[in-house]
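Coordinates in review
Listed here are the chains, written in short residue letters.
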Amino acid sequence: MTTPHLRVEDTGQGFAVPKDLTTVGRGAGVDISLDDPSVSRLHAELIRRGPHLYVSDLGLSVNGTRVNGRPVGQRVLADGDVLSFGTVRTRVSGVSALAGDDTVELRRISAPDLTRREVEVLTSLCRPALQQDAFVAPATAHDIADELVVTEAAVKQHLLRLYQKFRIGEGVNRRARLANEVISAGVVRPLPEDAEVRRAG
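For clarity, every value in this text was computed on a predicted model and none was experimentally measured. (Residues numbered from 1 in each chain as written. Predicted model: local features only at pLDDT ≥ 70, side-chain atom pairs only at ≥ 80, totals over all residues. Heavy atoms only, no water.)

**Some thoughts on the sheet that holds strand β6 (residues 52-57)**
The condition is simple: DSSP calls a pair of strands paired once it identifies at least 2 bridges connecting them. Per the convention used, a helix needs a DSSP run of H or I reaching at least four residues, while a strand needs a run of E reaching at least two, with both numbered from the N terminus.
Strand order in this open sheet of 5 strands is β4-β3-β5-β6-β9, and the pairing throughout is mixed. Looking at strand neighbours, the two that pair on one side only are β4 (32-33) and β9 (74-77), the edges of this open sheet. For strand β5 (residues 44-49) and β6, the ladder comprises 6 bridges, and the chain directions are antiparallel. Bridging from a neighbouring strand, Arg48 pairs with Leu53 of β6.

In structure tokens form, the structure reads like this:
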């Protein structure tokens, strides 16, 4: 596989994506630094899985992440896609096309397309497990609602859609099964300490 690249449309500046996990943002310590006020300090991640590349908005960006103009939480990328971080437009190249059995493999190792709000709900759901060494129960719908400043009913609707997207059947420990699935798929990861502080503030 050739190394995927991003090219900033306005400036022509190019960035290679050689690692399995590449961070994108405006802050210090990110792998791809975009000096634009519309880009958050820690904006998104680019994740390589086999021949595939996908983008994951971390739910911390003010102006969001878009693929071909569509706001996304997480999305598989293809050659020629326009990937926007805030108002900075980049074009993707060097990504193998999805074909045949690869699509089945991708479904197994990647997550379904998620909205930004769904990523925020999943991040909040998994936060207790990511902050503790020992296993703890995932956040309740009430806890998530408090953190995201939305109603508990809205959170429950999001969770119902997420159960369907991740194919989590009815039964006991449904929230825990969802949390395990999204963590294993790499949708949610422990956030850097400064990002946690900024999110809380």
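**Considering the pattern of salt bridges**
Using the following cut-off: Whenever Lys or Arg places a side-chain nitrogen within 4 Å of a carboxyl oxygen from Asp or Glu, that contact is recorded as a salt bridge. Exposure categories follow from relative accessible area, calculated using a 1.4 Å probe and restricted to protein chains: below 20% of the type maximum is buried, above 50% is exposed, and the middle band is partly exposed.
Counted according to the given criterion, the structure contains 7 salt bridges. Between Arg91 and Glu9 there is a salt bridge whose closest N-O contact spans 3.0 Å. Of the two residues, Arg91 is situated in strand β11 (residues 88-93) and Glu9 in the loop between β1 (5-8) and β2 (14-16); the sequence distance between them amounts to 82 residues. Assessed through its relative accessible area of 38%, Arg91 is described here as partly exposed. Of the charged contacts, one joins Glu118 and Lys165 as a salt bridge, the two residues approaching to 2.8 Å between their closest N and O atoms.

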